[in-house]
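Secondary and tertiary structure notes
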Amino acid sequence: MTWYKVPDFPDTDKPFLRKVKVNGKGICMVGYEGNIYALSSTCPHAGGELAGGWCKDGKLICPLHRYSYDIHTGKGDPGQNDYVDVYPVEIREDGVYIGITSFFEKLKQAFK
Ligand code: FES
């Protein structure tokens, strides 16, 4: 896994949704109840932009058809049978970092 610093991250305790690009990936950053989460920003249903949605009861809601995803696990609601990727977040002295495991790293781990 490689850690990437999120550019221009806002220093706030207020709730927020924000799309960032990290290592070529679109990531939806979620500030919710004092914690920061990072999920894939593309809805697996039909490609909606999750950062344009909202967060309610620990779920990220897609603005297009209102599918919802748990911000901790990325799992879709029952019946959706889908999920979004979630990424670990670290808050360091010099900023916020997201951990991303590349496809090749995942492949290597699968064949260990
Ligand atoms: S595109 Fe997200 S719910 Fe349909």
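Because the structure is predicted, anything quoted here is derived from the model rather than measured.

Some remarks on the UniProt feature "domain: Rieske" (unreviewed entry) in the chain
Cross-referencing UniProt, the feature "domain: Rieske" (unreviewed entry) maps to residues 3-98 in the present numbering. When the span residues 3-98 is considered, its composition is 0% helix and 45% strand, and the gap between its end C-alpha atoms is 5 Å.

As for the packing of aromatic side chains
Tallied over the entire structure, the rule returns one aromatic pair. Across the ring face of Tyr-97, the terminal group of Arg-92 is positioned such that the distance to the ring centre comes to 4.0 Å.

Focus: the environment of Met-1
Note that Met-1 resides in the segment before strand 1 (2-5). The class of Met-1 is partly exposed, set by a relative accessible area of 48%. Sequence separation of Met-1 and Ile-100 is 99 residues, and the distance between their C-alpha atoms is 5.4 Å. Other than its neighbours up to four places away in sequence, Met-1 contacts Pro-88, Gly-99, Ile-100, Thr-101 and Glu-105.

Quick look at the pairing of strand 3 (residues 25-32)
Summarising burial for strand 3: seven of the eight residues are buried, a large majority. Across seven bridges, the pairing between strand 2 (residues 16-22) and strand 3 is antiparallel. Across the sheet, residue Leu-17 finds its bridge partner in strand 3, namely Val-30. Adjacent in sequence and paired antiparallel, strand 2 and strand 3 are bridged by two residues, among which Asn-23 carries a positive phi angle near 50°.

Details of the sheet that holds strand 7 (residues 68-70)
Taking strand neighbours across the sheet as the criterion, the three strands line up as 5-6-7 in an open arrangement whose pairing is antiparallel. Strand pairing shows two members of the sheet lacking a second neighbour, strand 5 (54-56) and strand 7, which therefore form its edges. The mean inter-strand angle of the sheet, taken between neighbouring strand axes irrespective of direction, is 30°. Pairing between strand 5 and strand 6 (residues 59-61): three bridges, direction antiparallel. Within strand 6, the residue paired with Trp-54 across the bridge is Ile-61.

About the cut-offs
- Each residue is numbered by its place in its chain's sequence as written, counting from 1.
- It should be noted that, the model being predicted, local features are given only for residues of pLDDT at least 70 and side-chain atom pairs only at 80 or more, the latter also being counted only at that level, while totals for whole chains, interfaces and linings use all residues.
- Processing note: side-chain calculations cover all non-hydrogen atoms of the structure and skip hydrogens and water entirely.
- UniProt positions are given in the numbering used here, feature names are shortened, and annotations may be inferred rather than shown by experiment.
- Starting at the N terminus, helices and strands are each numbered in turn, a helix being any DSSP run of H or I of at least four residues and a strand any DSSP run of E of at least two.
- Working definition: a ring pair exists when centres of Phe, Tyr or Trp rings (six-membered ring for Trp) sit within 6.5 Å. Plane angles under 30 degrees give stacked, over 60 give edge-to-face, the rest tilted.
- Look at NZ for Lys and CZ for Arg. If either is within 6 Å of the ring centre and within 35 degrees of the ring normal, a charge sits over the ring.
- Burial classification: accessible surface area is computed with a 1.4 Å probe over protein chains only, and a residue below 20% of its type maximum counts as buried, one above 50% as exposed, and the rest as partly exposed.
- Note on definitions: a residue-residue contact is assigned when non-hydrogen atoms from the two residues lie within 4.5 Å.
- Should DSSP find at least two bridges between two strands, the strands are regarded as paired.
- Interaxial angles span 0 to 180 degrees and are taken between N-to-C directions of axes, which are lines fitted to C-alpha atoms, for helices over the stretch in contact.

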